[in-house]
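# Descriptive structure summary
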Amino acid sequence: MAGRARWAYRRADRVAQEVARRFLEPYLEPAFHADSYGYRPGRSALDAVRAARERCWRYDWVLDLDIKGFFDSIDWELLLKAIRHHTDCSWVLLYVERWLKAPEQKGDGSVVPRTAGTPQGGVISPLLANLFLHYAFDMWMTRTYPHIPFERYADDIICHCKSADEARALWSALADRLAACKLILHPEKTKIVYCKDANRRGDYPTQSFDFLGFTFRARKTIWQGHIPAHGFMPAASPAALKAMSQTIRRWALHHRSDKSLQDLAAMYNPCIRGWINYYGHFYHTRLRPTLTRIDAFLVRWARRKFKRLRHRTRGTRDWFVRLRRAIPTLFAHWQLCYGNGRTSGAV
């Protein structure tokens with residue numbers, strides 16, 4: 001019964017946080033900066049990546065920011081002050097303060113007091129974090145460096161500068177600003193990046209950065225379907241591709257001989273489509289080597305499933321090619337990997 005009581009309490013708490021979030025959002029959303037993209041209606045991570053791509057073509061330098069332990073470091077008094085600036089509703093202020101100061105319960109049932117940060121996994125936490133950085137970063141940048149554009153998705157931030165000196169000056173000023181807000185820039189993960197491509201001369205040790213699952217660096221491409229070009233562009237990052245490969249391996253498709261091909265497609269296509277819809281939006285060819293790993297597992301599945309293919313390596317591969325050509329839409333990645341491969345918005 002104690003477990004059920006805790007579950008019911010947590011569910012009620014999530015409902016209460018959702019009510020408070022819906023109350024606050026109409027007050028906060030109009031005030032938020034146009035280049036803040038995280039957890040906002042009508043905005044997405046792809047919007048932030050697209051804006052970053054276009055600005056990297058116009059600005060030679062990027063300051064890639066990393067705030068150390070951001071969600072666990074948010075100062076409660078500064079956050080409550082920001083909320084009071086937008087509403088004087090007593091019940092909202094009371095409940096937000098209670099949620100902020102509630103101790104953390106570990107998996108073993110022990111309770112640990114907290115002194116800063118937003119509720120872990122809380123429904124309202126993304127909105128509160130956005131509000132904090134709206135004043136700590138967005139509005140400060142607007143006042144102090146209005147000529148430097150940026151993209152911010154929660155605490156993932158990049159700033160576009162015209163020179164390395166400008167990026168260094170901004171880094172120093174931001175370190176002081178965030179320290180005043182009781183935040184710390186990570187000294188190793190924060191970095192200055194030169195957006196080097198074929199049209200930019202000079203050199204710099206760091207010429208790439210990761211942002212929202214994409215690695216930005218110099219790449220060859222084709223414009224308008226036939227014009228060879230070279231630019232500084234995003235594609236799925238090595239970390240994202242590694243995570244996809246690990247997921248595919250965990251599926252263990254070759255052991256699912258109890259399932260039909262249609263069953264397997266229905267089980268895994270939603271995940272595959274999600275990868276393609278996100279990472280395939282920019283430089284989609286980077287996905288092909290990872291997604292074709294699925295087909296290697298399907299070939300192994302066929303050898304287990306059909307006795308006639310068990311000891312025929314070439315015959316299994318021929319079977320796979322015939323299947324793919326007969327039903328080209330059965331698995332979500334087949335058209336990308338073996339068809340014309342075009343996806344919406346791809347470069």
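These lines cover the structure that appears in this document, whether it is placed above or below. (Residues numbered from 1 in each chain as written. Predicted model: local features only at pLDDT ≥ 70, side-chain atom pairs only at ≥ 80, totals over all residues. Heavy atoms only, no water.)

## Some details on the pattern of salt bridges
Across all of its chains, the model carries 15 salt bridges by this definition. A salt bridge links Asp 35 to Arg 55; the nearest nitrogen and oxygen atoms lie 3.2 Å apart. You can see Asp 35 sitting in the loop between α1 (2-28) and α2 (45-58) and its partner Arg 55 sitting in helix α2, a full 20 residues away along the chain. For the pair formed by Asp 35 and Arg 55, the shared burial category is buried. Measuring nitrogen to oxygen at the nearest pair gives 3.9 Å for the salt bridge that ties Arg 256 to Asp 258. Note on Asp 258: relative accessible area 57%, which makes it exposed. Salt bridges linked by common partners bring Glu 18, Arg 21, Arg 22 and Glu 25 together as one network. (Salt bridge = Lys/Arg side-chain N within 4 Å of Asp/Glu carboxyl O. Helix = DSSP H or I, 4+ residues; strand = E, 2+ residues; numbered from the N terminus. Buried < 20%, exposed > 50% of the residue type's maximum accessible area, 1.4 Å probe, protein only.)

## Focus on the nonpolar core
Soluble globular proteins tend to pack their nonpolar side chains together in the buried interior. Core analysis: the largest hydrophobic core is formed by 54 residues, its most contacted members being Phe 209, Phe 211, Phe 216, Tyr 279 and Leu 298. If you tally residues by element for this core, the top one is helix α9 (residues 261-279), at nine residues. Phe 211 has contacts with Ala 48, Val 49, Ala 52, Glu 151, Asp 156, Ile 157, Ile 158 and Phe 216, leaving out every residue within four places of it along the chain. Of all hydrophobic cores here, the second largest spans 49 residues; its members include Trp 61, Leu 65, Phe 70 and Ala 82. (Core = buried A, V, L, I, M, F, W, Y, C linked by side-chain atoms within 4.5 Å. Contact = heavy atoms within 4.5 Å.)

## Section: the packing of aromatic side chains
Counted according to the given criterion, the structure contains 24 aromatic pairs. Arranged with centres 5.6 Å apart and planes meeting at 55°, the rings of Trp 140 and Tyr 145 form a pair that is tilted. Considering the side-chain rings of Tyr 278 and Tyr 279, the 4.8 Å spacing of their centres and the 90° angle between planes classify their relative orientation as edge-to-face. Assessed through its relative accessible area of 16%, Tyr 279 is described here as buried. Pairwise contacts between aromatic rings join Phe 23, Tyr 27, Trp 91, Tyr 95 and Trp 99 into one cluster. Just above the ring of Tyr 95 sits the side chain of Arg 98; from NZ or CZ to the centre is 5.7 Å. Between the NZ or CZ atom of Arg 324 and the centre of the ring of Tyr 338, over which it lies, the distance is 4.0 Å. (Phe/Tyr/Trp six-rings, centres within 6.5 Å; stacked < 30°, edge-to-face > 60°. Lys NZ or Arg CZ within 6 Å of the ring centre and 35° of its normal.)

## Looking at the pairing of strand β4 (residues 150-153)
Neither face of β4 is exposed, since Phe 150 and Arg 152 on one face and Glu 151 and Tyr 153 on the opposite face are all buried. Bridge count between β4 and strand β5 (residues 156-161): four bridges; the pairing is antiparallel. When the sheet's bridge partners are listed, Phe 150 is paired in β5 with Cys 159. (Pairing = 2+ DSSP bridges.)

## Thoughts on the side chain of His 33
Inspection of the secondary structure assignment puts His 33 in the loop between α1 and α2. A distance of 2.9 Å separates a polar side-chain atom of His 33 from the backbone nitrogen of Asp 35. One polar contact links His 33 to Thr 142, side chain to side chain, over a distance of 3.4 Å. Contacts of His 33, omitting those with residues within four sequence positions, involve Arg 40, His 134, Asp 138, Met 139, Thr 142 and Phe 150. (Polar contact = N/O pair within 3.5 Å; in protein donor to acceptor, adjacent residues only side chain to side chain.)

## Section: a nonpolar patch on the surface
A cluster of nonpolar side chains, namely Val 15, Val 19, Trp 91, Leu 94 and Tyr 95, defines an oily patch on the protein surface of about 430 Å² accessible area. Every element with two or more residues in the nonpolar patch is listed here: α1 and α5 (90-101). Here the nonpolar patch gets three residues from one element, more than from any other, and that element is α5. Note on placement: Tyr 95 falls in helix α5. Take Tyr 95: its relative accessible area is 33%, and that puts it in the partly exposed class. (Patch = residues over 30% accessible without salt bridge, like charges linked within 9 Å, V, L, I, M, F, W, Y side chains within 5 Å. Areas by Shrake-Rupley, 256 points an atom, 1.4 Å probe, with all protein chains shown as cover.)

## Let's talk about the packing of helix α8 (residues 238-251) against α9
Closest axis-to-axis distance for the α8/α9 pair is 12 Å, and the angle between their directions is 170°. Classified by the interaxial angle, the pair formed by α8 and α9 is roughly antiparallel. Side by side, α8 and α9 meet where Ala 240, Met 244, Thr 247, Ile 248 and Trp 251 of the first sit next to Tyr 268, Cys 271, Ile 272, Trp 275 and Tyr 279 of the second. Class assignment of the residues belonging to the contact of α8 with α9 gives a composition of nine nonpolar, one polar and no charged. (Axes fitted to C-alpha atoms, helices over the stretch in contact; angles between N-to-C directions. Parallel < 35°, antiparallel > 145°, perpendicular 65-115°, else oblique. Nonpolar A, V, L, I, M, F, W, Y, C, P; charged D, E, K, R; others polar.)

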